[in-house]
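Analysis of the macromolecular model
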Amino acid sequence: METADVAVVGAGVVGLSTAYWLAKAGAKVVVLDKGKAAWEASGRASGYLSLRGETPIEARVAAEAERIWNTLDDELGYVTEWCPKGRLWAAFPYEWEDMQATYAAFCKTDFPFRLIDGKEARELLPYLSETVVGGIHTTHGGHANPQRTAQAFAWAGRDRGVVIMENSPVLSITTSGGAITGLKTPGGEISTPRIVNCAGPQAGMIAEMIGGYVPVAAARLEAMVSAPLPPMFTFAMIGNGVSVRQTHRGNLHFNGGPHEWIDVDLTSEPEKPTTPIIRNAARRVAELLPSAANAPLLRCWGGVIDLTPDHSIVLDKVDGPEGMFVALTSGHGFGLSPAIGKAMAELTLTGESSIPIKELGLSRFAKLPRDWRKQFRWDAGNCNT
Ligand SMILES: Cc1cc2nc3c(=O)[nH]c(=O)nc-3n(C[C@H](O)[C@H](O)[C@H](O)COP(=O)(O)OP(=O)(O)OC[C@H]3O[C@@H](n4cnc5c(N)ncnc54)[C@H](O)[C@@H]3O)c2cc1C
């Protein structure tokens, strides 16, 4: 029987980052995934570090993530394509009032944000539509290549002894005397006293295996990438309802549109078709960057994210038999993954983290009714717009 100091459930970028930091601290780690590593949300993300200006309880995790990103390629020994060129929020007239309210919220964090007018926005990005009336700019934050980042964490973890077991769904967890003793997959049992639950949309089901409760919903969203274009901008950008970045090779990589709430199960791959809605996202990019209007589109895809009731991440211990910890990312876990993994590794091994995560615990949902998804209209078949 395989034994591990810690088993990580889920080989997305958060599970792989957690495994890396655990192994760096000297733990013997096994990562299990029901499918292939980074095949779900982590390999389908757009690639931004969100600074979490709108949710200050997460902003310190974002600040730590940025600090780690700035030396991550050296830390791991592999390339992530991290591009630390800041971020621009561009507003069309219909977005300007909300943008000013957003700016007021952003100012509650330590990151320096500037409210700028349309002229300055176009000085930063001459290709920007003449209709843009202003925006928010920061030199902090950036973007990276999600697939290469997950691969970098996987390879760097393996270099430190992490065992990654693909096609190994976790089906049940064994306990004895009020503590976790292991977990079961179709291929056999793994003996371990600690489990880090990084199963994304399935994290609630993994917690239920020990009688724990983790409120999480699943949603499908869509993204697209253009053929490479000449260099236009290096920062990450948001505007007109889409997030856009230009990759190292010149592709415009963007996502936008509604979240479709879906149900997931424990072992199969969730369906994630693309729909004609993706054309709407492409039109929005063309309105924002008119000179990109005729860019050939290479491919589009869907992805499934986990979302928490208050849209903020969860990093905590799970109630029940001793030994389970959980990380939920609420749709913005890619950028935060270097810091989330470090925090989870510290929490799992020592019971606390050097990164401030106390406000990110499960206790904030203590009064949440169990039928919250229905009450929020987040049950399968509904969309948020
Ligand atoms: C289109 C799109 C754009 C996005 N853009 C951004 C962005 O720009 N910036 C950002 O920060 N975030 C972005 N995100 C969100 C980001 O991708 C996620 O927050 C992040 O990838 C979550 O990582 P994770 O490892 O927690 O989860 P996942 O990548 O979902 O990984 C969970 C893993 O758990 C596995 N699993 C589930 N059940 C079991 C089981 N029973 N046994 C074993 N394994 C199991 C799954 O197979 C999966 O591989 C985007 C997401 C999408 C879809």
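Preceding this section is the structure that the text describes.
What comes next is a walk through the structure. (Residues numbered from 1 in each chain as written. Predicted model: local features only at pLDDT ≥ 70, side-chain atom pairs only at ≥ 80, totals over all residues. Heavy atoms only, no water.)

The next thing to look at is the pattern of salt bridges. Pairs may arise between side chains of opposite charge once their charged atoms sit close together. Summed over the entire model, instances satisfying the criterion amount to 18 salt bridges. When the shortest N-O distance is used, the salt bridge between E130 and R122 registers 3.8 Å. A salt bridge links E260 to R220; the shortest N-O distance between them is 2.7 Å. In this pair, E260 is assigned in strand β15 (residues 252–262) and R220 in strand β12 (residues 217–226), connecting sequence segments 40 residues apart. (Salt bridge = Lys/Arg side-chain N within 4 Å of Asp/Glu carboxyl O. Helix = DSSP H or I, 4+ residues; strand = E, 2+ residues; numbered from the N terminus.)

Once that is clear, we can look at the pairing of strand β18 (residues 324–328). Within β18, five of the five residues are buried, which leaves the element mostly enclosed by the surrounding structure. The two faces of β18 match: M324, V326 and L328 on one face and F325 and A327 on the other face are all buried. Judged from the three bridges that link them, strand β11 (residues 195–197) and β18 form a sheet pairing that is parallel. Within the sheet, the bridge partner assigned to V196 lies in β18 and is F325. Note that strand β17 (residues 314–317) and β18 share four bridges and pair antiparallel. Within β18, the position partnered with K317 by the bridge is F325. Remark: six residues form the turn of the hairpin made by β17 and β18, two consecutive strands paired antiparallel; G320 in that turn has positive phi of roughly 130 degrees. (Buried < 20%, exposed > 50% of the residue type's maximum accessible area, 1.4 Å probe, protein only. Pairing = 2+ DSSP bridges.)

Here we take up the site of the ligand. Surveying the vicinity of the ligand reveals 37 residues, the closest of which are D33, S42, Y48, T329 and G333. Here V13 contributes a backbone N or O atom positioned 3.3 Å from an oxygen atom of the ligand. In this structure, an oxygen atom belonging to the ligand sits 2.6 Å away from a side-chain N or O atom of D33. Bound to the protein, the ligand loses 98% of the 1000 Å² it would expose on its own. Going through the elements one at a time, α1 (13–24), α2 (41–44), β12, β16 (297–307) and α10 (333–350) are the ones with two or more residues in the shell around the ligand. Of the residues belonging to the shell around the ligand, the class tally is 18 nonpolar, 15 polar and four charged. (Near = heavy atom within 4 Å. Polar contact = N/O pair within 3.5 Å; in protein donor to acceptor, adjacent residues only side chain to side chain. Areas by Shrake-Rupley, 256 points an atom, 1.4 Å probe, with all protein chains shown as cover. Nonpolar A, V, L, I, M, F, W, Y, C, P; charged D, E, K, R; others polar.)

Now for unusual backbone geometry. The backbone of A38 shows a phi angle near 55 degrees, a positive value even though the residue is not glycine. Under the relative-accessibility criterion, A38 is labelled buried at 18%. Phi angles above zero are rare outside glycine, and N240 is one such case at about 55 degrees. For N240, the location among the structural elements is in the loop between β13 (236–239) and β14 (242–246).

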